[in-house]
Structures are given as structure tokens and as C-alpha cells.
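# Inside the fold
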Amino acid sequence: MLQENLVPNKRTYAVLVDAWCSSGKLREAQEFLAEMSGKGLNPPVRGRDLLIEGLLKAGYLEAVKDKARNMAKQRFLPDLQTFNSLIKSISKSSMSTEVDFCIDLYNSVCALGLSPDINTYKIMIPAVSRAGKVDEAFRLLNDLVESGYRPFLELYAPVMKLMCKNGRFDDVFCFFSDMKVKGHPPNRPVYTMLITMCGRGGRFVEAANYLVEMTEFGLTPISRCFDLVTDGLKNCGKHDLARRIEQLEVDIRGV
């Protein structure tokens, strides 16, 4: 390439770095990038990003984490695509420590000026929700909204479910009202989840209200939701409301 005056591009560097990393020759990959830089043949992105991508593809997660920590300490910002690939690979682990690493790294790079995109949030929010970190998930959703994005159902529904499991129903109700304004409209599975969680938490009046609300939006509740709500209302002495829910089911299903 050099003899023919061809300039290597990102793809050229990526292929070569990936080959070194796949062979376990991390030092050689670093030396290769340094040598190219010394010759004035700088890749379109920083060599550190290419090296991290190569290590990720080769499965060297611990080496990647070390590189990412050092970059943050030295106040170097990774490329956004590289950062997203990094947290996606690490957050696949169910270990809480790996999710903590992603949270810490997210905070560090944002403080340095990195602007997350919607893909960043699609990776981070489900990961922290699976790890049971409700406050972090809630904060990330707020970051998403403040960045001008509308939360998708698959992002805010897990946070709602997690808050329900923690018994924070009042927070859930406020949060859900907020999401109906700022996020994408809830669908049948979201209402079904919320009604089910309310029933399990003994919040049968709220479950009944959401059941009625979803019918007003043209969404038909499943039979299990009707049974859950009416039985729960009867058991807690709300017989008039239970009869109204039973009549609603008759009106909808004609049974």
C-alpha cells in the first residue's frame, strides 16, 4: 500500500489490529499502532479505540476494562461507537460488579464531555434494571428525556416492574403518568404487567383503574387481569367496584 501511495483507512487498521488481538498478541497490536502513528499514518480514529474494539472482538474483557479505566484516568474520551460496544459486551454479564463498572465508566466519560446517544441508553437502562439498581435506572431515564429522546416501552417498562418489586408503588404511579406524556404510549403488555404487579402488591383499586384506563385506549385486558382484579377487590371489601369491573368484562366480551 505504501509503495503504491495508498492511504490506509480505518478498515485497514481495524483488520490488522483485530488479527493481532485475536492471536492474543496485545503488545504487538499496541506496538503496531504506535509504529503507524510514528510514520505519520494516523488512523481516522484514535488507536486506543481500535485496540479496544479489537480486544472486544477477541473476548479479552478484562484487558478492555483496564484500558477503559486508564483512558478515563488520563481524561481521554473514547469514540461513542467504541464506548457503546464496550458497555454492551460487559453488561451482558449478570454480575453486579460488571454493571457497576459500566455505571462508573458512563459517569466518567459523561463528565469528560461524551454525549450518549439512544443506543447508549438502550444498553445501559435494561442492564441496570436487570441488576436491580432502580435508582440508577431511574436516573438514566431522566438523562434520556433531558437529552431530547422519548423513552421506548422496553426502556421504561423494566424500571416500572423493578419499582413494583421494591414496593415503590406511589413512585410507579407518578412515573407511569410521566411516561405517558414524555414517552411512547403504553401498550397491552405494559398495562398487563402493571395490573399484575399491582395485584401482587395488594393495590387492587389502582389495578382496577388501570384496567379501565387501558380499555379507554382501545386495549382489551386479558381474562387473567379481570379475574385478578375482581377477586382482589372482593377480598378487600370493594364489592361495588368489583361488580363494575365484572360488568366491564361482560360489555367487552359479551359473556
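The notes below deal with the structure included here. Being a predicted model, the structure only gives us computed values, none of them experimental.

A separate point is the overall build of the protein chain. Looking only at helices and strands, the protein chain has 14 helices and zero strands in total. Starting at the N terminus, the α and β elements of the protein chain follow one another as α-α-α-α-α-α-α-α-α-α-α-α-α-α. Classification of the 255 residues of the protein chain by burial places 43% in the buried group. Long-range pairs, those at least 24 residues apart, make up 62% of the contacts in the protein chain with a sequence separation of at least 6.

What follows covers the side chain of S129. Inspection of the secondary structure assignment puts S129 in helix α7 (residues 118-130). A relative accessible area of 9% places S129 in the buried class. Dropping the residues within four chain positions of it, S129 is found in contact with A137, P158, V159 and L162.

Mapped onto the elements of the fold, R243 is located in helix α14 (residues 239-253). For R243, a relative accessible area of 49% puts it in the partly exposed group. When the C-alpha positions of R243 and T230 are compared, they lie 7.6 Å apart, and in sequence the two are 13 residues distant.

Glancing now at the packing of aromatic side chains. The final tally for this structure, using the stated rule, is seven aromatic pairs. Ring geometry for F173 and Y210: centres 5.8 Å apart, planes at 45°, overall tilted. Note that F173 is positioned in helix α10 (residues 169-182) and Y210 in helix α12 (residues 204-216), a separation of 37 residues in sequence. Y210 carries the same exposure label as F173, and that label is buried. Both rings, one in Y191 and one in F217, keep their centres 6.4 Å apart while their planes meet at 45°; by these two values the pair is tilted. Within this pair, whereas Y191 is found in helix α11 (residues 188-200), its partner F217 is found in the loop between α12 and α13 (223-235), the two being separated by 26 residues in sequence.

With that settled, consider the packing of α7 against helix α8 (residues 134-146). It is at 9 Å that the axes of α7 and α8 come closest, and there the two elements cross at 165°. By the criterion of interaxial angle, the relationship of α7 to α8 is roughly antiparallel. When you trace α7 past α8, the crossing you get is left-handed. The segment α7 lies against α8, with I118, Y121, M124, I125, V128 and S129 engaging E136, A137, L140, L141, D143 and L144. Grouping the constituent residues of the contact of α7 with α8 by class yields nine nonpolar, one polar and two charged.

Conventions we followed
- Residues numbered from 1 in each chain as written.
- Predicted model: local features only at pLDDT ≥ 70, side-chain atom pairs only at ≥ 80, totals over all residues.
- Heavy atoms only, no water.
- Helix = DSSP H or I, 4+ residues; strand = E, 2+ residues; numbered from the N terminus.
- Buried < 20%, exposed > 50% of the residue type's maximum accessible area, 1.4 Å probe, protein only.
- Contact = heavy atoms within 4.5 Å.
- Phe/Tyr/Trp six-rings, centres within 6.5 Å; stacked < 30°, edge-to-face > 60°.
- Axes fitted to C-alpha atoms, helices over the stretch in contact; angles between N-to-C directions.
- Parallel < 35°, antiparallel > 145°, perpendicular 65-115°, else oblique.
- Left-handed = near helix turned anticlockwise from the far one by under 90°.
- Nonpolar A, V, L, I, M, F, W, Y, C, P; charged D, E, K, R; others polar.

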